[in-house]
Amino acid sequence: MPGIDKLPIEETLEDSPQTRSLLGVFEEDTAAISSYFSQLFKAMQRIYDAQNELSAATHLTSKLLKDYEKQRFPLGGDDEVMSSTLQQFAKVIDELSSCHAVLSTQLADAMMFPITQFQERDLREIVILKEVFQIASDDHDTAINRYSRLSKRKENEKVKNEVMEDVYTSRKKQHETIMHYFASLNMLQYKKKIALLEPLLGYMQAQISFFKLGSENLTQQWEEFLTNIGTSVQKEMDSDAEVTEQAIQDLKVASDPLYMPDPDPNKIPVNRNLTRKAGYLNIRNKTGLVSSTWDRQYFFTQGGNLMSQSRGDVAGGLVMDIDNCSVMAVDSEDRRFCFQITAFDGKKQGRPKTARSGSQCSAGSESPALSSLSLDSLVAPDTPIQFDIISPVSEEHTNSILHQLFIVRFLGSMEVKATESTDVIYETMRQILAARAIHNIFRMTESHLLVTCECLKLIDPQTQVTRLRFPLSSVVLCASHQENKRLFGFVLKTAGGRVDGRPVTVCYVFESNNDGEKDRKATQKQRELDKAKEKQQEELHKQKQIEKDLEEQSRLIAASSRPSQPAADGQFLVLSNSQSEDSDAGDEGQKKGESEA
């Protein structure tokens, strides 16, 4: 190479300042080459990583297409044509995945390997040689300085020989090192070109091989297949869009009279053959004694039931049984076209027929096990629901120290049959809440529920009159609602019966300001305390009886140890105090005769 394209190796022994300056230029060039190839390596690494990701994604796509026929979509049916088409696509994409895998291997061998070798071998070798050369140059300078400081007047032959040997060794090492360093820097000017071109050639050759594989696999047959599939799908979509657009236009024309809030009845014929009616209505809900609100809900008929469903709900709920009901228009000050459905009045309501229906909708919440039980096995047939407590009971004073008070509202009570499971309480809650909603009974009187070790009492907070009282031992079951913990109920077994006089089991349902679960636990705790108290009383009674027996035995022993009057034959007759007080003279003579005998 002419000019300064090469470092002069023949001038390395002289090591002139000009040679060192020229070396500095080559070292700067080496640093620039290292920086450039570092960036190029990162770019090619990204190409290689992207190709690996593309290969993996193509393989995954092929796998998902093969598994399409195993999928079960909520709105999709069995489409054999679509499944067959996707299987063919999966076959093509699987072949492409193999081509991408081959391309990844070729890129690793022909592109990444050369540039990695250049960085880790050639550039690193120059860095090591530079460090070795710097050390050798420093050692040579130290040896020369030591030789220059030798004294001429006090010359020591041994020291002089050692210094001269050190100069010789360091100069030789420096010369050999700098020659290898210069040769590597000169060779780098060739290697940087090869290191740049070789990975680029490998990349292009890998891409050419990939396209060639794709061209061989994707034959004309596949091209025709892809074209036909695209055309077929586009025609089907265009046809469906055209039909949909026509349906929209027809519905717009037919629905135009219905856009008015008060359509002309002459333009809309009345359909008197409807078996099902549905639409939005505003229903009035009482929020207090006087105030009320109007809520917009979707109503529909289902069999003999009127159902309602709010937006966002997956199913409707029962509003009321409309069999044998009357419908009439009513006047309202704040709403137009109002009507009401009337079943019957009264606070006692028979069990709704809808409780036995096969509808999926129901008022309230039911336990999972309740769906498999017959409701007749839980609630007595034709049982009336009592929404109020009829009359107060007589007040009785209690000496119980352990008690707990809750603020509750009485919802209702029903006679029940089953007492083995809490499902009877859940079913009673459901029927009472449904009956209250159907008949718009929202008024509830607040009371105080007092739980003691002896009984449960429902007390009027104003007059302190006991409205309801029953012994704690009569509570056979208690539970709170599974979702609304403020609702809780008790199942009681009362002594009085119906006509036949048998015991009656009644379920009482309350709403508490607190968590109903706490009320249930409090009742359970009181029952446990009551049992513990009874057990303690029994133990105390047994202890007293034992003490009494011991005292009696002590009296007998004491009486037997006293001196007594001798009998005629020299024997003694012993009588206890109780025996002497309770016996008469005749008995005493008889016992004396028996003793003498």
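Keep in mind it's a predicted model, so treat the numbers as computed, not measured.

Novice: So what exactly am I meant to see when it comes to unusual backbone geometry here?
Specialist: Across the chain, the bulk of peptide bonds are trans and the bulk of non-glycine residues have phi less than zero. A positive phi angle, close to 55 degrees, is found at Asp15, a residue other than glycine. On the secondary structure map, Asp15 appears in the segment before α1 (17-66). One non-glycine residue, Gln464, adopts positive backbone phi at about 60 degrees. Along the chain, Gln464 falls in the loop between β9 (455-459) and β10 (466-471).

Novice: Sorry if this is basic, but what is going on with the pattern of salt bridges here?
Specialist: As a working rule, side chains carrying opposite charge can pair if their charged atoms are close by. With the rule as written, the count across this model stands at 10 salt bridges. Glu27 is the salt-bridge partner of Lys130, the closest N and O atoms lying 4.0 Å from each other. Within this pair, whereas Lys130 is found in helix α2 (residues 80-148), its partner Glu27 is found in helix α1, the two being separated by 103 residues in sequence. Residue classification places Lys130 among the partly exposed residues on the basis of a relative accessible area of 40%. With a relative accessible area of 22%, Glu27 lands in the partly exposed category.

Novice: Can you help me understand the nonpolar core in this one?
Specialist: Where a protein is soluble and globular, its nonpolar side chains tend to be buried together. In this structure, Leu7, Leu23, Phe37, Phe118, Tyr181 and Leu185 are the most contacted members of the largest nonpolar core, which totals 27 residues. When contributions to this core are tallied by element, the ones reaching two or more residues are α1, α2 and α3 (157-217). With 11 residues, α2 is the single largest residue contributor to this core. Those residues within four positions of Tyr181 in sequence are excluded, and the remaining contacts are Leu23, Glu27, Ile126, Leu129, Lys130 and Phe133.

Novice: Any chance you could explain the packing of aromatic side chains here in plain terms?
Specialist: Aromatic ring pairs are described here by two measures, namely the spacing of the ring centres and the angle between the planes. As enumerated under the stated definition, the model contains 12 aromatic pairs in all. Here Tyr298 and Phe300 contribute two aromatic rings whose centre-to-centre distance is 6.2 Å and whose plane-to-plane angle is 35 degrees, an arrangement assigned as tilted. For Phe300, a relative accessible area of 7% translates into the label buried. By the ring-pair criterion, three or more aromatic residues cluster together here, those being Phe410, Phe470, Phe488, Phe490, Tyr508 and Phe510. The positively charged end of Arg296 is found above the aromatic ring belonging to Tyr280, 4.2 Å away from the centroid.

Novice: Can you help me understand the confidence of the model for the chain in this one?
Specialist: Detailed reading of the predicted model is not advised wherever pLDDT is low. The share of residues in the chain with pLDDT of 70 or more is 77%, and the mean pLDDT across the chain is 76. Mean pLDDT across the elements of the chain ranges from a minimum in helix α7 (residues 577-582), with 40, to a maximum in α1, with 90. For the stretch residues 345-375, pLDDT sits under 50, and the model shows 62 contacts to residues farther than four places along the chain or on other chains. Between residues 564-597, whose pLDDT stays under 50, and residues either more than four places distant or in other chains, the model counts 23 contacts.

Novice: Could you clarify how one ought to interpret the sheet that holds strand β7 (residues 403-415) in this entry?
Specialist: Strand pairing in a sheet takes place through backbone hydrogen bonds and is either antiparallel or parallel in direction. Taken in spatial order, the 7 strands of this open sheet run β10-β9-β8-β7-β13-β12-β11, and their pairing is antiparallel. Of all strands in the sheet, those bounded by a partner on one side alone are β10 and β11 (475-480). Here the strands of the sheet are splayed against their neighbours by 30 degrees on average, with no regard to which way each runs. In the sheet, β7 pairs with strand β8 (residues 446-452) via 7 bridges, with the strands oriented antiparallel.

Novice: Any chance you could explain α2 here in plain terms?
Specialist: Here α2 is 69 residues long and its end C-alpha atoms lie 98 Å apart, about the 102 Å a rise of 1.5 Å per residue gives. By the largest-angle criterion, Met112 marks the main kink of α2, which is about 40 degrees, and a proline, Pro114, follows within four residues.

Novice: For this particular structure, what's the right way to read the environment of Ala143?
Specialist: Structurally, the position occupied by Ala143 is in helix α2. Taking the C-alpha atoms as reference, Ala143 lies 8.8 Å from Tyr168; in sequence the two are 25 residues apart. The contacts of Ala143, once residues within four sequence positions are left out, are Val163, Asp166, Val167 and Ser170.

Novice: How do you make sense of a nonpolar patch on the surface when you look at a structure like this?
Specialist: A cluster of nonpolar side chains, Tyr147, Leu150, Val159 and Met164, forms an exposed patch at the surface whose accessible area comes to about 310 Å². Within the secondary structure, Tyr147 is located in helix α2.

Novice: Is there a simple way to explain the sheet that holds strand β4 (residues 317-321) in this structure?
Specialist: Across the sheet, which stays open at both edges, the 4 strands sit in the order β1-β2-β3-β4 with antiparallel pairing between neighbours. Only two strands of the sheet have a single neighbouring strand rather than two, namely β1 (278-286) and β4. Ignoring which end each strand starts from, the neighbouring axes of this sheet average 40 degrees apart. Pairing geometry for strand β2 (residues 292-302) and strand β3 (residues 305-309), over 5 bridges, is antiparallel. Looking at the pairing, Phe299 lines up with Ser308 of β3.

Cut-offs applied
Residues numbered from 1 in each chain as written. Predicted model: local features only at pLDDT ≥ 70, side-chain atom pairs only at ≥ 80, totals over all residues. Heavy atoms only, no water. Helix = DSSP H or I, 4+ residues; strand = E, 2+ residues; numbered from the N terminus. Salt bridge = Lys/Arg side-chain N within 4 Å of Asp/Glu carboxyl O. Buried < 20%, exposed > 50% of the residue type's maximum accessible area, 1.4 Å probe, protein only. Core = buried A, V, L, I, M, F, W, Y, C linked by side-chain atoms within 4.5 Å. Contact = heavy atoms within 4.5 Å. Phe/Tyr/Trp six-rings, centres within 6.5 Å; stacked < 30°, edge-to-face > 60°. Lys NZ or Arg CZ within 6 Å of the ring centre and 35° of its normal. pLDDT = per-residue confidence, 0-100. Pairing = 2+ DSSP bridges. Axes fitted to C-alpha atoms, helices over the stretch in contact; angles between N-to-C directions. Expected span 1.5 Å × (residues − 1). Bend = angle between axes of the 7 residues up to and from the residue. Patch = residues over 30% accessible without salt bridge, like charges linked within 9 Å, V, L, I, M, F, W, Y side chains within 5 Å. Areas by Shrake-Rupley, 256 points an atom, 1.4 Å probe, with all protein chains shown as cover.

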